[in-house]
There are 2 protein chains.
Amino acid sequence: MNSHGAPTPPVVLCIGGFDPSSGAGITADLKTLAAENCYGIAAITALTVQNTQGVASIHPMDASVLRKTTENLLADGQVKAIKIGMLANRANAEAVGEILSAHSNIPAVLDPVIRATSGMRLLDEEGAAYLRENLLRRVRVITPNLDEAAALSGLKVENVEGMKAAAQKLVEIGAPAVVVTGGNLDKAIDVFHDGSGIETFVGDRIKPDNTHGTGCTYTSAIAAHLAHGRTLRESIVFAKAYVTEAIRKAYAVGPGRMPLNHLYRMQQNPRVSEHVPALPEPVH
Amino acid sequence: MNSHGAPTPPVVLCIGGFDPSSGAGITADLKTLAAENCYGIAAITALTVQNTQGVASIHPMDASVLRKTTENLLADGQVKAIKIGMLANRANAEAVGEILSAHSNIPAVLDPVIRATSGMRLLDEEGAAYLRENLLRRVRVITPNLDEAAALSGLKVENVEGMKAAAQKLVEIGAPAVVVTGGNLDKAIDVFHDGSGIETFVGDRIKPDNTHGTGCTYTSAIAAHLAHGRTLRESIVFAKAYVTEAIRKAYAVGPGRMPLNHLYRMQQNPRVSEHVPALPEPVH
């Protein structure tokens, strides 16, 4: 609580790409944070042109703008966690490395986005090398999917055994903890390596057409729960439950690969039409 | 309802600037649309660097990216309303003019953003001229504040009489309808000209520190209600009620001019901790 009478939620800073279709990237992050009772702020690394039918093009922003934006946001204080997604190129990745060094007291969660589902590169080769050699050791946890775990570990990752081997390898090369997300396996299995041992979480695979942005959402939800002061394991469990429910409550929107329903909890409330006060009196 | 079992909300396209502090611009639009039960998608005209303490700089995007983004989004179909905010420059304003011409069947709402509260220009002079001469006649309604009404009408606008005169002038130069928003007057009075006559709505002025993004929010909420098929007058009344409540439920976040609580309705739901299923069983 504060002088305003309403509780101030923890502030979480997102750094990533902008998806105009609102399924993934910064806007998915901000919706997820709102759903998990955080206030999200955000710095954009690249604009994408995309709709439900795929990514048409990528337009990286200047690293200087990313630096100014994050410095300016962090100057307001109050940031309790940082979520990192698509970085586009090495210059942006290095800017994020500097931010993490300067604010090592704030827990960060890194979704090591490298390619779109279509195969289009979302981080250049030099950026991926920097991510592997520098960024992954500066964060609390990384959340690769199967392809990203394979790219970063150099291993073949096609099943749970491969996920476990990749998680082990990524911890060995410096990641403090790893969640390999297997949302596109038959059983939506995630492998969690906490730095000392491995645990496996099994979920249901539901509505495979509504999975655009699942990785962004999962990672943001983990950041939200860390910002609330939960342990990493708790944060992952809460985040997986949230993502599962957001997929379950998803609706059809667009002809292609569709988004989650990030704000499904709001739909339980009275609709606007039940909520509005009497019409104001005209004053002449 | 659709094959997914959940109702698909109307899709609303927002075109405007990006505020990393999430108080105004595209992210305020998307939160507002979610709160008003729409699905928001968005094209960015400019990045801003800002926090609660003000706008530090503006970085316009290429009009070619804006064109590609909006064409791509509109190709997915389903857009039921368009909300237009900050345009930054003439090239972006012209791109929006083309979009409105090509999609004149979709109702559009224009917040004629010209300057930040600090005085910094958010639309260049040539852009403002294009907005006045072209854009304002292509939309369903425009929503200037006092300063914008003065800049567009050439009149002095400092009180309700001035607002009425400016609304009349703006209708004469081509706007089909006008809401002059007086949120910073003592009584939060809005003047609505529906093209044939003037009506005045009076609200309470509450929490003047939590008004960053009020104009974006109000305009987006009007677009949301038009997308639901409501009349313009109904949409304005619903939007004003929503904005008022989002200010009332706002919390302190940051040392400067703070945002509304766009998603206040969600806070009435059970929190995550009451909501999560039993922890998944580890599988070894």
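What counts and what doesn't
Residues numbered from 1 in each chain as written. Chains lettered and ligands numbered in written order. Predicted model: local features only at pLDDT ≥ 70, side-chain atom pairs only at ≥ 80, totals over all residues. Heavy atoms only, no water. Helix = DSSP H or I, 4+ residues; strand = E, 2+ residues; numbered from the N terminus. Axes fitted to C-alpha atoms, helices over the stretch in contact; angles between N-to-C directions. Parallel < 35°, antiparallel > 145°, perpendicular 65-115°, else oblique. Left-handed = near helix turned anticlockwise from the far one by under 90°. Contact = heavy atoms within 4.5 Å. Nonpolar A, V, L, I, M, F, W, Y, C, P; charged D, E, K, R; others polar. Disulfide = S-S within 2.5 Å. Salt bridge = Lys/Arg side-chain N within 4 Å of Asp/Glu carboxyl O. Buried < 20%, exposed > 50% of the residue type's maximum accessible area, 1.4 Å probe, protein only. Phe/Tyr/Trp six-rings, centres within 6.5 Å; stacked < 30°, edge-to-face > 60°. pLDDT = per-residue confidence, 0-100.

**Q** Could you clarify how one ought to interpret the environment of Gln53(B) in this entry?
**A** Its location among the elements puts Gln53(B) in the loop between β2 (39-51) and β3 (54-60). Placed 130 residues apart in sequence, Gln53(B) and Gly183(B) show a C-alpha to C-alpha distance of 20 Å.

**Q** What am I meant to see in the packing of helix α5 (residues 146-153) of chain B against helix α6 (residues 160-172) of chain B here?
**A** If you want to describe how two helices pack, look at the angle between their axes and the distance between the axes. All names here are of chain B. One can describe the packing of α5 onto α6 by two numbers: an axis separation of 9 Å at closest approach and a directional angle of 45°. By the angle between their directions, the pair α5 and α6 is classed as oblique. The crossing of α5 and α6 is left-handed. Residues Leu146, Ala149, Leu152 and Ser153 of α5 form the contact with α6, whose participating residues are Met163, Ala166, Lys169 and Leu170. In the contact of α5 with α6, the residues fall into six nonpolar, one polar and one charged.

**Q** Just to check I follow, could you spell out the state of the cysteines for this structure?
**A** Simply put, the disulfide is a covalent bond whose two ends are the sulfur atoms of two cysteines. Residues and elements named next belong to chain B. A complete count under the given rule lists zero disulfides over all chains for this structure. A disulfide-free cysteine, cysteine 38 has its sulfur positioned 9.4 Å from the sulfur of cysteine 14, the nearest such atom. Between cysteine 216, a free cysteine, and cysteine 14, which holds the nearest cysteine sulfur, the sulfur-to-sulfur gap is 9.8 Å.

**Q** When you look at the pattern of salt bridges in this model, what are you seeing that I'm missing?
**A** Proximity of charged atoms lets side chains of opposite charge pair with each other. For the structure shown, the criterion picks out 16 salt bridges over all chains. Arg265(A) is the partner of Glu36(A) in a salt bridge, and the nearest nitrogen-oxygen pair spans 3.1 Å. Here Glu36(A), found in the loop between α1 (25-35) and β2 (39-51), pairs with Arg265(A), found in the loop between α8 (232-248) and α9 (272-275); they are 229 residues apart in sequence, far enough to count as distant. Under the relative-accessibility criterion, Arg265(A) is labelled buried at 5%. Between Lys240(B) and Asp190(B) there is a salt bridge whose closest N-O contact spans 3.0 Å. With Lys240(B) in helix α8 (residues 232-248) and Asp190(B) in strand β8 (residues 189-193), this pair connects stretches of sequence that are 50 residues apart. According to the relative accessible area criterion, Asp190(B) is buried, its value standing at 3%. One network of salt bridges, in which partners are shared, links Glu245(A), Arg248(A) and Lys249(A).

**Q** Is there a simple way to think about the packing of aromatic side chains in this case?
**A** Where two aromatic rings form a pair, the distance of their centres and the angle of their planes describe that pair. Within this structure, the stated rule accounts for seven aromatic pairs over all chains. Consider the rings of Tyr39(A) and Tyr251(B), whose centres lie 6.2 Å apart with planes at 85°: the pair is edge-to-face. Taken as a pair, Tyr39(A) in strand β2 and Tyr251(B) in the loop between α8 and α9 (272-275) lie in two separate chains rather than in one. With a centroid separation of 5.9 Å and an interplanar angle of 25°, the aromatic rings of Tyr242(A) and Tyr264(A) are classed as stacked.

**Q** Please clarify how the confidence of the model for chain A should be interpreted in this entry.
**A** Note: predicted coordinates in regions of low pLDDT should not be interpreted at a detailed level. All names here are of chain A. Scored by pLDDT, chain A has a mean of 90; 92% of the residues are at 70 or more. Scored below 50 in pLDDT, residues 268-284 shows 35 contacts in the model against residues more than four places distant or in partner chains. This complex was scored by the predictor with a pTM of 0.91 and an ipTM of 0.88.

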